[in-house]
Structure formats: C-alpha cells, structure tokens
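# Residue-level structural notes
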Amino acid sequence: MPHINYNHLYYFWHVCKQGSVVGAAEALYLTPQTITGQIKSLEERLGGKLFKRQGRGLVPSELGQLVYRYADKMFTLSQEMLDIVNYRKESSLLFDVGVADALSKRLVSRVLKAAVPDNAQIHLRCFESTHEMLLEQLSLHKLDMILSDCPVDSTQQEGLFSVKLGESPISFYCCNPPAGADFPACLEQRPLLIPGRRSMLGRKLLNWFNTQGLKVNILGEFDDAALMKAFGMNNDAIFVAPAIYSSTEFQDEKIIEVGRVEGILEEYYVIFAERMIQHPSVQRICHTDFSALFEL
C-alpha cells in the first residue's frame, strides 16, 4: 500500500484549524486553488469526502473528523520534537505548566523559579485548574508539566510520571485566635475555611475532623489557596496553609498559628509525560533539591 502524502494531510490540518480554505491559504502563503487541489488528492487517497458544507462554510465530515484527530496529534508531536531537539537554538522555548489550584502559590512560585534559567531562554506559561482537569490537558499534549498535590499511578496512566518535590505539615491560622479552648477543640469556636474536597488535602482534613470527633462549622471550601487566606482574614475565620508559613510569610501579616496537624501533609509533585523527559525545564526541576524550601 502506498504511503499517504503528508503535505496533503498538512494542508487539510490547516484548513480545519483555520476554519476555511482561504484562511489556510493565507497561513501557508499558498493560493486557495492549490489547497483545494491538495485536499482533493487526499480525499481520493482516503476514498471519501473530508468536508461538508454548512451554511457558507466548510466543516469536517465524519471521515474528516477522524482524520483530523490523528493529524492533530501527529503535527503537534512533531513540533514538540523539534522544540526539544533544537531548544538550544531557540531564543525562547515555550514551557506550559499546569498548577493545581489547591497548592500554596508562594511555594509553587519558588519551585517554578528552578524552571527558568538565568539567561531567560524559557518562556513560561502557567495555567491553574483542578488536578483532574490538568491531567486531561497533559494527556492531550496541551501542557508540558503539572505541579500537583498528588502523584499519578504510572501503571494506570501509561506514559505519565511523577516525582515528589517535598512536603509540609499543615496548620490552622487566624488573625484573632479563639480563646478558652486548646487545639484542636478551639476549631469548633470559629467558622473554618478548608481546601475543596476535590483536593487531596481537603479530603484528608474532612477525615481528620471525623477521627478527632470535632463538630466544626465549615464556612467555605476553596480551590484557590490565596483566595481562602484573603477571605479568612476579612471574615475572622480560621483557614488552612502550610506550617512553614508560620515563621516566614505570615509574620508580617499578623496572622497567628492556631495549631498544627503533624499527621496531615501538603505534598508537592511534578507530573510530566514521557515525551517531556528531555525538556530542559523538566530536567532542572527534577534534579533540584527543594528540601530547604520545605524546612520548618
């Protein structure tokens, strides 16, 4: 069987991405007639129509949608391969990172600092979402790496790997700590703010409340750690943050540590696909010792 003409497939892919033959022709610096002729040859090779009319425009047919999914993976991966192989020649190598919204942003920012060299050859782009959504984006090659609070099971998610960067016990904080009861009983005296139960930390805390027999008033669950802190400060509520903040970030903000839970840890993992192992930023993060960052 003769091989497919990848130029024809490339032109078809551009028409799908641009939404029209004219748009693809402009992007490729070709005439619309050339694009149309190439796609016709591809249709003859595949034995079916790749587009159908919808109003005044074109949309992929059922066959076209199938072919586009494969073409999109092929050309996206080929571009990523060139980026990795030629990264030393690039003036700015894109590095798309997904950050789990439950993680503390100050710690994340210090981890990401290791990804950017002093000569600034990396163009860092950060996106925030839930762990599940970020994994989906990573699997679709729309992200290069994830920072999350839980690892992946490589036996269940083939081609994905995780490396633990560090961990910190968590503490409860408040601007005006409750008086008259010791920790953790004092948590029953104020409204609580905790990470969302979709996060690993949120689920651990809910289980801890039950095992301690605490009847707490959970005022809110926050996916965003920074928003939880801001809301807690403005509403005299107790909120959760890494214990390492007690002697660093919170000293100047008059935030008091109410109590620490040694048995519950906020963990930091870097997750990446096998194709990104040679990416310079992934290598920098995986080879950096972050232990000092998580010291109490």
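Treat the numbers as computed from the prediction; the structure is a model and nothing was measured. (Residues numbered from 1 in each chain as written. Predicted model: local features only at pLDDT ≥ 70, side-chain atom pairs only at ≥ 80, totals over all residues. Heavy atoms only, no water.)

## Quick notes on the pairing of strand 6 (residues 160-174)
As a reminder, the rule being used: Strands qualify as paired when DSSP identifies two bridges or more between them. Secondary structure elements are taken from DSSP: a helix is a run of H or I of four residues or more, a strand is a run of E of two residues or more, and numbering for both begins at the N terminus.
Both strand 6 and strand 10 (residues 256-273) contribute to a ladder of 14 bridges, which runs antiparallel. When the bridges of strand 10 are listed, Leu160 appears paired with Ala273. Of the strand pairs in this sheet, strand 6 and strand 9 (residues 239-242) are connected by four bridges, and their pairing is antiparallel. Bridging from a neighbouring strand, Phe172 pairs with Val240 of strand 9.

## With respect to the packing of helix 2 (residues 21-28) against helix 3 (residues 32-46)
This is how the line gets drawn: Between N-to-C directions, angles span 0 to 180 degrees; the directions come from axes that are lines fitted to C-alpha atoms, helices contributing only their stretch in contact. Our angle categories are set so that under 35 degrees counts as roughly parallel, over 145 as roughly antiparallel, 65 to 115 as roughly perpendicular, and the remainder as oblique. We call two residues contacting when some pair of their heavy atoms lies within 4.5 Å. Amino acid classes used here: Ala, Val, Leu, Ile, Met, Phe, Trp, Tyr, Cys and Pro are nonpolar; Asp, Glu, Lys and Arg are charged; the rest, including Gly, are polar.
Running from N to C, helix 2 and helix 3 cross one another at 110°; their axes reach a closest spacing of 8 Å. Considered as vectors, helix 2 and helix 3 are oriented roughly perpendicular to each other. Residues Val21, Ala25 and Leu28 of helix 2 pack against Pro32, Ile35 and Thr36 of helix 3. Here the residues of the contact of helix 2 with helix 3 sort into five nonpolar, one polar and no charged.

## Digging into the sheet that holds strand 5 (residues 145-148)
What the six strands build is an open sheet, ordered 4-3-5-10-6-9; its pairing is mixed. Lying at the two open borders of the sheet, with one neighbouring strand each, are strand 4 (122-129) and strand 9. Across the sheet, the axes of successive neighbouring strands diverge by a mean angle of 25°, strand direction being ignored. Sheet strands touched by helix 7 (residues 200-212): strand 6, strand 9 and strand 10. Its angle to strand 10, the strand with the most contacts, is close to 145°.

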